[in-house]
Amino acid sequence: MKRVILLTAALMAGTAMPSIAAEPQAVVSTYADIALATYEDSLTAANALRKAIGKLVEAPSEETLAAARGAWLAARVPYQQSEAFRFGNAIVDEWEGRVNAWPLDEGLIDYVDAGYGTESDTNQFYTANIIANDRISVGGTDIDATTITPEVLQSLHEVGGIEANVATGYHAIEFLLWGQDLNGTDAGAGDRPYTDFDAANCTGGHCERRIQYLTAAADLLVSDLEEMVANWQADGEARAEVAADPKAGLTAMLTGLGSLSYGELAGERMKLGLLLNDPEEEHDCFSDNTHNSHYYDLLGIRNVYFGSYERVDGSKVEGPSLADLVADKDAALADEVKARLDATLAAMTALKERAEGGETYDQMIGQGNEEGNAVVQAAIDGLVDQTRSLERVIAALDLSGIELEGSDSLDNPSAVFE
């Protein structure tokens, strides 16, 4: 669903681009530099995750499982900030499903609790259990999964054309490291035992194949991120597309910021779960890391708007920014955008701190938790308000016809319950 911003002649009148023609180009250059740095950090963190997974499968223990989980959590910090580069960049949006698709039907991958059920009216692969079965039938064609390799996982990703059949990426790895979160709105994340990776003392069955799957998924995540890093290098295709025309580059930037802020984050990732009071509607659901997922998405929006990214090593990539362009065009609007971005940051920080204090996101959105619901709603309200200001930025910069992602959860809530 799209929300289309069409500028009227009155809005567009008298709003030429800044007089210094190089300024928009410099802003787009900063944008591409931050994209490169963010994906480079994501790749570095994914390599650390792969190394930790290697130690887990070589010597399974409580300690090596905890270390692998910690590496996964650390890997999410830079990656979630990269989501600000989606939507406006087709190269990123088409690629993103390979690394961050959710929600997933975990029965495709491994064993699940009996409460999960044995079949689905919409997904014939609902309990295919790749780890337990070395052949998967798809439309009369068998996929040979005798050895689970990155290529096999690629062939099974969204098998049958069903988006919930997620076989690759961060969330497939998350499920393997944590297992299902069976706690509902009670405290606690997934609790897969380390012995699920111990071939000599195997729990859960098929430990050697589970090791193959986890290793292949980690290898594939690294290679996918290598591809995206290459796309933002000086000669990369993604950089070339935004740099070729500064106005098109600004359009990509604001499409990404507005769509992530409104339809994706405020709507699909937050308001939907709050409307349904459904603990399954959380982005990092197996690990109970959703509060950080949302927080770093917001940080990514701020990175792009203010033209500044703090890398995982503490260094900064920064330069001319959208904030600079807006200040030059309309100082009052610049103040408004900053105030609204700051208000959303405060609301999201409160949500993050509440989770770190012991009440996880799936508990906050639970039915009857009025205080927790209000904390989530405050962050949603901030995201909606800042989107309205970003729409005004789009108008001020003469970027007509931009389409922002919408969400029934925000635009037509009754449809959610149909």
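Just so it is clear, the model here is predicted, and its values are computed rather than measured. (Residues numbered from 1 in each chain as written. Predicted model: local features only at pLDDT ≥ 70, side-chain atom pairs only at ≥ 80, totals over all residues. Heavy atoms only, no water.)

J.: Could you give an account of the overall build of the protein, with specific residues and numbers?
T.: Of regular secondary structure, the protein possesses 15 helices and 6 strands. Here the C-alpha atoms of the protein give a radius of gyration of 22 Å, agreeing with the 22 Å that 2.2 N^0.38 yields for 418 residues. Partitioning the contacts of the protein with sequence separation of at least 6, the portion at a separation of at least 24 is 73%. Taking the average place of the 27 positive charges on the side chains of the protein and the average place of its 71 negative ones, the gap between the two points comes to 5 Å. (Helix = DSSP H or I, 4+ residues; strand = E, 2+ residues; numbered from the N terminus. Rg over C-alpha atoms; globule rule 2.2 N^0.38 Å. Contact = heavy atoms within 4.5 Å. Lys, Arg positive; Asp, Glu negative; His and termini not counted. Charge placed at Lys NZ, Arg CZ, Asp CG, Glu CD.)

J.: Just give me the short version of the nonpolar core, but keep the residues and values in it.
T.: Ranked by size, the top nonpolar core spans 121 residues in total, and within it Leu177, Tyr213, Trp232 and Met270 carry the most contacts. No other element matches the 17 residues that helix α2 (residues 22-58) contributes to this core. Ignoring anything within four residues of it in the chain, the contact list for Met270 reads Leu265, His294, Met348, Leu351, Tyr361, Val376, Ala379, Ile380 and Leu383. (Core = buried A, V, L, I, M, F, W, Y, C linked by side-chain atoms within 4.5 Å. Buried < 20%, exposed > 50% of the residue type's maximum accessible area, 1.4 Å probe, protein only.)

J.: Before we move on, can you summarise the pattern of salt bridges with the specific residues and values?
T.: Scanning all chains against the criterion turns up 27 salt bridges. One salt bridge connects Glu227 with Arg98, and the closest N-O pair in it is separated by 2.7 Å. You can see Glu227 sitting in helix α7 (residues 207-231) and its partner Arg98 sitting in helix α4 (residues 90-100), a full 129 residues away along the chain. Judged by relative accessible area, which is 34%, Glu227 ranks as partly exposed. Close ionic contact of Arg192 with Asp196 constitutes a salt bridge, the shortest N to O distance being 2.8 Å. Across this residue pair, the class does not change: Arg192 and Asp196 are buried. Taken together, the salt bridges that share partners define one network made up of Glu83, Arg86, Asp93, Glu96, Glu264, Arg269 and Asp297. (Salt bridge = Lys/Arg side-chain N within 4 Å of Asp/Glu carboxyl O.)

J.: Account for the packing of helix α9 (residues 246-276) against helix α10 (residues 290-306), with residues named and values stated.
T.: Contact pair α9 / α10: the axes reach a minimum separation of 10 Å and the direction vectors enclose 165°. If you check the angle between α9 and α10, you find them roughly antiparallel. For the crossing formed where α9 meets α10, the hand is left-handed. Only His294, Asp297, Leu298, Ile301, Val304 and Tyr305 of α10 make contact with α9, whose side of the interface consists of Met253, Leu257, Leu260, Ser261, Leu265, Arg269 and Met270. The residue inventory of the contact of α9 with α10, partitioned by class, reads 9 nonpolar, 2 polar and 2 charged. (Axes fitted to C-alpha atoms, helices over the stretch in contact; angles between N-to-C directions. Parallel < 35°, antiparallel > 145°, perpendicular 65-115°, else oblique. Left-handed = near helix turned anticlockwise from the far one by under 90°. Nonpolar A, V, L, I, M, F, W, Y, C, P; charged D, E, K, R; others polar.)

J.: I'd like a description of the environment of Thr30, backed by residues and values.
T.: Mapping Thr30 onto the fold places it in helix α2. A relative accessible area of 4% places Thr30 in the buried class. Each C-alpha atom, one on Thr30 and one on Ser321, is 7.0 Å from the other, the two residues being 291 residues apart in sequence. For Thr30, the contacting residues outside a window of four places in its chain are Gly307, Glu318, Gly319 and Pro320.

J.: Help me get a handle on the side chain of Thr168, residues and values and all.
T.: Within the secondary structure, Thr168 is located in the loop between α5 (150-156) and α6 (170-178). Take Thr168: its relative accessible area is 4%, and that puts it in the buried class. Polar contacts involving the side chain of Thr168 include one to the main-chain carbonyl oxygen of Arg98, which spans 2.8 Å. Among the polar contacts listed, one links the side chain of Thr168 to the side chain of His157, at a separation of 3.3 Å. (Polar contact = N/O pair within 3.5 Å; in protein donor to acceptor, adjacent residues only side chain to side chain.)

J.: Go over the environment of Asp198, please, and point to the residues and values.
T.: Tracing the chain through its elements places Asp198 in the loop between α6 and α7. For Asp198, a relative accessible area of 12% corresponds to the buried category. For Asp198 and Ala48, which are 150 residues apart along the polypeptide, the C-alpha to C-alpha distance reads 21 Å.

J.: With reference to specific residues and values, describe the confidence of the model for the protein.
T.: Scored by pLDDT, the protein has a mean of 92; 94% of the residues are at 70 or more. In this model residues 1-22 is a low-confidence stretch, pLDDT under 50, and it forms 49 contacts with partners more than four residues away in sequence or in other chains. (pLDDT = per-residue confidence, 0-100.)

J.: Quick one: what's the story with the packing of α9 against helix α14 (residues 370-396), residue by residue and with numbers?
T.: To characterise two packed helices, one gives the angle between the axes of the helices and the distance between these axes. Running from N to C, α9 and α14 cross one another at 155°; their axes reach a closest spacing of 9 Å. With respect to α14, the axis of α9 lies roughly antiparallel. Regarding α9 and α14, the two cross each other, and that crossing is left-handed. A class-by-class count of the residues in the contact of α9 with α14 yields 15 nonpolar, 6 polar and 2 charged.

J.: Could you give me a rundown of the state of the cysteines, with the residues and numbers involved?
T.: Counted by the stated rule, this structure contains 1 disulfide. Disulfide pairing places Cys202 opposite Cys207 at an S-S distance of 2.1 Å. Handedness of the Cys202-Cys207 disulfide follows from its S-S torsion of about 90°: it is right-handed. (Disulfide = S-S within 2.5 Å.)

J.: I'd like a description of unusual backbone geometry, backed by residues and values.
T.: For the peptide bond that leads from Trp102 to Pro103, omega is -10°, which places it in the cis range. Of note, Pro103 is situated in the loop between α4 and β2 (135-138). Phi angles above zero are rare outside glycine, and Glu158 is one such case at about 55°. Along the polypeptide, Glu158 turns up in the loop between α5 and α6. Note on Glu158: relative accessible area 31%, which makes it partly exposed. The phi dihedral of Asn277 is positive, around 50°, even though this residue is not glycine. Position of Asn277 relative to the elements: it lies in the loop between α9 and α10.

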